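# Residue-level structural notes
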Amino acid sequence: MSETVLTIEDAARCLPDVVDRVNASGEAALLVKSGRPLARIVPLPASEQGADDLIAFLRRWRMEHPEPDEQFSEAIAESRGAVRPPQDPWE
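Residues numbered from 1 in each chain as written. Predicted model: local features only at pLDDT ≥ 70, side-chain atom pairs only at ≥ 80, totals over all residues. Heavy atoms only, no water.

A large share of strand 2 (residues 28-33) lies buried, amounting to five of its six residues. In this sheet, strand 2 lies alongside strand 1 (residues 3-7) in parallel orientation, the contact comprising five bridges. Paired with L6 across the strands is L31, a residue of strand 2. In this antiparallel pair of consecutive strands, strand 2 and strand 3 (residues 36-41), the connection spans two residues, and S34 shows a positive phi of 55°. (Buried < 20%, exposed > 50% of the residue type's maximum accessible area, 1.4 Å probe, protein only. Helix = DSSP H or I, 4+ residues; strand = E, 2+ residues; numbered from the N terminus. Pairing = 2+ DSSP bridges.)

Laid out in structure tokens, this is it:
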């Protein structure tokens, strides 16, 4: 993965531009202070594609298994258990 190296001060001056560039290019930004790496800004994976894949999977599942069964309800319960609300990074 290639990445842009920026000082903390430069990143602070143009943070919206840095975030836009990271999002558009998929390239990470490494933030340094006194030449020492401190943080990295990385793009998030496209979550919409994941939702589209899940919807397609569920539609295929319903076509292959028209009657509800225990496996399906267990799969739903398992997937619900895996979803966690986002955490506040400042806590």
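Below, the discussion takes up unusual backbone geometry. Glycine aside, residues mostly have negative phi, and peptide bonds are mostly found in the trans state. Even without being glycine, S34 reaches a positive phi, approximately 55°. Of note, S34 is situated in the loop between strand 2 and strand 3.

Moving on to the sheet that holds strand 3. Hydrogen bonding along the main chain pairs the strands of a sheet, whether they run parallel or antiparallel. With mixed pairing, the three strands of this open sheet are ordered in space as 1-2-3. A strand with exactly one partner marks an edge of an open sheet, and here the two such strands are strand 1 and strand 3. Strand-to-strand, the axes of this sheet are offset by a mean angle of 30°, without reference to chain direction. (Axes fitted to C-alpha atoms, helices over the stretch in contact; angles between N-to-C directions.)

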